[in-house]
Amino acid sequence: MFKPEPPVTNHALLDTAQVADIIPHDAATGGTLSGQRIVVYGMNYSPEFAGVGKYTGEIVEHFAAEGADVAVITTPPHYPGWAVQTGYANRFSAQTRSRLAVYRCPLTLGKKMRGIWRLVAPVTFALTSAPVAIWQILRRKPDVVFIVEPTLFAAPAALLAARLVGAHTVLHVQDLEVDAAFAIGHLSDFKLLKAIGSAFERACLAQLDTVVTISDRMADKLAQKGVPRERLAIVRNWVDLDHIRPLAGPNPYRSELGYSEDDFIVLYSGNIGAKQGLSVLLDAAEMLVSDPRIKFIVAGEGPAKAHLTKRYGHQPNIRFLPFQPYEKLNAFLNLPDLHALTQDPGAADLVLPSKLGGMLASGRSIVVTADDGTELADFVRGAATVVQPGSATALASAIRAAAYSIDVTGQRAVAAAKARELGKRSALTHLVSAIGAEWSKLVRRSSAVR
């Protein structure tokens, strides 16, 4: 059923199945997870360079570097463009190297991933991957089965197999997908579907040993859904502070893109979808079109990009770009005078934007749209300018003030401290600790069984 996946070299991030070749021998054989077996099951994985796939890839890298034998069950890389990346095919494939194995399973993708189509992709992945997940778990008898949400649809097969072999089950909640799908309008007209989805979600959550999520508010919502607090852990999405850091001197992107040193550049970089609420930023750009000094860049991919490009692309102060190569990401994040982080008001506290870490680490100024009392607003307080979500007028005023009058020296100092809170090394160490709070028990149990 599985075909070997050819080596991939044309992607911004290394496919994690190749990580074994770059892990130092001593780290790979004598780490904190040495001898442990882990199955990672999730819809998004490297070389996806945005969103959940990026973080799951780095988690797997860390597990392997700490000595674990890891099997990953996932899809061909397809996010955020919802199209399979060049070099991959939408079919079953396998890639195995040293102690890392990646099994990719097909899913159904459409040109417009909206409405009911947002269910089709995860459901088809759950169906195609279920036999693979069950077989790999039964064959490998892992110590830990690590499931990533999205997509929770895949959880039942993994939970069943994990129970049969006595594996510890962990859910890493990157996105409260049921709540988010209805909050931002993808499925708002399907009330019965929401009730079914919520019941399914609660049933799955009740079966898990540990649930790890990325924010305090998401943890609160999971507790409301019945997850006991003692089974909940919070590990915020991280930023690699060795890669993203402030740069001094002229930025090469300025001349490359044709901007002058006097231009005031506002940048949004990330996924372009419904949750991001980018129309408010672009409406603000239209309000500022008479000021030739203020320029806007929207960089990324996603299902809303074509519509936004058609609607706003004619404006002389707005520019759309694709995602930039990972090796140039630091220079790109240092390009703007102001980062913009917008969110659809309906998605408040359902997702804590992962792009925030890179913004903070870049040392540039930040403007955020968030309601008071949301975790995003609380977290960036003192490190960014916070304005009312959904108000282009308020956002335009904040951008104009940043361009001409606001002294943000104090904000940048706070932002640097916040970035250190989100450092990659400490976050991944915390993650291993969170899922292995009883790791010594797992080791003793697995040793007895073997």
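Residues numbered from 1 in each chain as written. Predicted model: local features only at pLDDT ≥ 70, side-chain atom pairs only at ≥ 80, totals over all residues. Heavy atoms only, no water.

This part is about the pattern of salt bridges. Scanning the entire structure with this criterion turns up 15 salt bridges. A salt bridge links Arg-99 to Asp-69; its shortest N-O distance comes to 3.8 Å. With a gap of 30 residues between them, Arg-99 in the loop between strand S4 (93-97) and strand S5 (100-104) and Asp-69 in strand S3 (residues 69-74) connect regions that are remote in the sequence. On the basis of relative accessibility, which here comes to 21%, the residue Arg-99 falls in the partly exposed class. (Salt bridge = Lys/Arg side-chain N within 4 Å of Asp/Glu carboxyl O. Helix = DSSP H or I, 4+ residues; strand = E, 2+ residues; numbered from the N terminus. Buried < 20%, exposed > 50% of the residue type's maximum accessible area, 1.4 Å probe, protein only.)

Time to look at empty space enclosed by the protein. Per the counting criterion, the structure on display carries 4 cavities of 30 Å³ or more. Size it by volume and the largest cavity reaches roughly 80 Å³. Lining the largest cavity, in full, are Arg-236, Asn-237, Leu-352, Pro-353, Ser-354, Leu-356, Gly-357, Phe-379 and Leu-422. Considered class by class, the residues forming the lining of the largest cavity number 5 nonpolar, 3 polar and 1 charged. (1 Å grid on protein atoms, 1.4 Å probe; cavity = no way out; pocket = protein on both sides within 12 Å on 5 of 7 lines; lining within 4 Å. Points joined across faces, edges and corners; volume = space filled by probe spheres on them. Nonpolar A, V, L, I, M, F, W, Y, C, P; charged D, E, K, R; others polar.)

A few words on helix H10 (residues 305-312). Burial in H10 covers these residues: Lys-305, Leu-308 and Tyr-312. For H10, the buried positions fall inside an angular range of 65° around the axis, keeping them on one side. Residues of H10 that are exposed and point over 90 degrees away from its buried face: Ala-306 and Lys-310. Of the surrounding elements, those touching the buried residues of H10 are helix H9 (279-287) and strand S12 (318-321). (Arc of directions from axis to C-beta. Contact = heavy atoms within 4.5 Å.)

The topology assignment puts Ala-383 in the loop between helix H13 (375-380) and strand S15 (385-387). Here Ala-383 falls in the buried class, since its relative accessible area comes to 3%. If we ignore the near neighbours within four places in the chain, the residues touching Ala-383 are Leu-360, Gln-411, Val-414, Ala-415 and Lys-418.

This part is about the confidence of the model for the protein chain. Here the protein chain shows a mean pLDDT of 87. Residues at 70 or above account for 85%. This model gives residues 439-450 a pLDDT under 50, and the stretch forms 19 contacts once residues within four places in sequence are excluded. (pLDDT = per-residue confidence, 0-100.)

As a further point, take helix H15 (residues 409-421). For H15, spanning 13 residues, the distance from its first C-alpha to its last is 19 Å, which sits close to the expected 18 Å at 1.5 Å a residue. Buried within H15 we find Gln-411, Ala-415, Lys-418 and Ala-419. The buried residues of H15 occupy one face: seen down the axis, they fall within an arc of 100°. Of the residues in H15, the exposed ones pointing more than 90 degrees away from the buried face are Thr-409, Ala-413 and Arg-420. In this structure, the buried residues of H15 make contact with helix H12 (356-362), H13 and S15. (Expected span 1.5 Å × (residues − 1).)

Glancing now at the nonpolar core. Within the largest apolar cluster, 62 residues are counted, with the highest numbers of intra-cluster contacts made by Ile-147, Leu-171, Val-211, Leu-222, Leu-360, Val-368 and Leu-376. Ranked by residues supplied to this core, first place goes to helix H3 (residues 117-140) with 6 residues. Sequence-distant contacts of Val-368, defined by excluding residues within four places in its chain, comprise Leu-341, Leu-376, Val-380, Ala-384, Thr-385, Val-386 and Val-387. (Core = buried A, V, L, I, M, F, W, Y, C linked by side-chain atoms within 4.5 Å.)

Attention now moves to the sheet that holds strand S14 (residues 365-369). Overall, parallel pairing links the 6 strands, which are arranged S12-S11-S10-S13-S14-S15 in an open sheet. Each edge of the open sheet is held by one strand with a lone partner, namely S12 and S15. The average undirected angle you get between the axes of adjacent strands in this sheet is 25°. Two strands pair when backbone bridges link them, and S14 and S15 are joined in this way by 3 bridges, in the parallel orientation. Considered in S15, the bridge of Thr-369 is made with Val-387. (Pairing = 2+ DSSP bridges. Axes fitted to C-alpha atoms, helices over the stretch in contact; angles between N-to-C directions.)

Turning to its location among the elements, Thr-213 is positioned in strand S8 (residues 210-213). Its relative accessible area of 0% is what places Thr-213 among the buried residues. Not counting residues up to four positions away in its chain, the partners in contact with Thr-213 are Val-173, Met-218, Ala-219, Leu-222, Ala-233, Ile-234 and Val-235.

This next bit is on the pairing of strand S10 (residues 264-269). Within S10, 6 of the 6 residues are buried, leaving the element largely enclosed by the surrounding structure. Examined bridge by bridge, S10 and strand S11 (residues 294-299) share 6 bridges and lie parallel to one another. Across the sheet, Leu-267 pairs through a bridge with Ile-297, a residue of S11. Bridge count for S10 against strand S13 (residues 338-341) is 2 bridges, and the pairing is parallel. Bridging from a neighbouring strand, Leu-267 pairs with His-339 of S13.

Side chains of Val-123, Leu-127 and Phe-153 sit close together on the surface and give an oily, nonpolar patch of about 260 Å² of accessible area. Structurally, Val-123 can be placed in helix H3. (Patch = residues over 30% accessible without salt bridge, like charges linked within 9 Å, V, L, I, M, F, W, Y side chains within 5 Å. Areas by Shrake-Rupley, 256 points an atom, 1.4 Å probe, with all protein chains shown as cover.)

The full count for this structure, using the stated rule, is 7 aromatic pairs. In this arrangement the basic side chain of Arg-293 is found over the ring face of Tyr-404, its NZ or CZ atom lying 4.9 Å from the centre. Sitting over the ring of Tyr-312, Arg-311 keeps its end group 4.2 Å from the ring centre. (Phe/Tyr/Trp six-rings, centres within 6.5 Å; stacked < 30°, edge-to-face > 60°. Lys NZ or Arg CZ within 6 Å of the ring centre and 35° of its normal.)

By secondary structure assignment, the location of Trp-82 is in the loop between S3 and S4. For the pair formed by Trp-82 and Glu-301, sequence separation is 219 residues and the distance between their alpha carbons is 9.2 Å.

Looking now at unusual backbone geometry. In this structure, Pro-80 follows Tyr-79 across a cis peptide bond, with omega equal to 10°. Along the polypeptide, Pro-80 turns up in the loop between S3 and S4. Here the bond from Pro-150 into Thr-151 is cis, since omega is 20°, no more than 30 degrees from zero. With respect to the helices and strands, the residue Thr-151 is situated in the loop between strand S6 (144-149) and helix H4 (155-165). Phi at Ser-98 takes a positive value of approximately 55°, unusual for a residue other than glycine. Its location among the elements puts Ser-98 in the loop between S4 and S5. With a relative accessible area of 56%, Ser-98 lands in the exposed category. Not every positive phi belongs to a glycine, and Lys-141 is a case in point at roughly 50°. The residue Lys-141 is located in the loop between H3 and S6 in this model. The class of Lys-141 is partly exposed, set by a relative accessible area of 47%.

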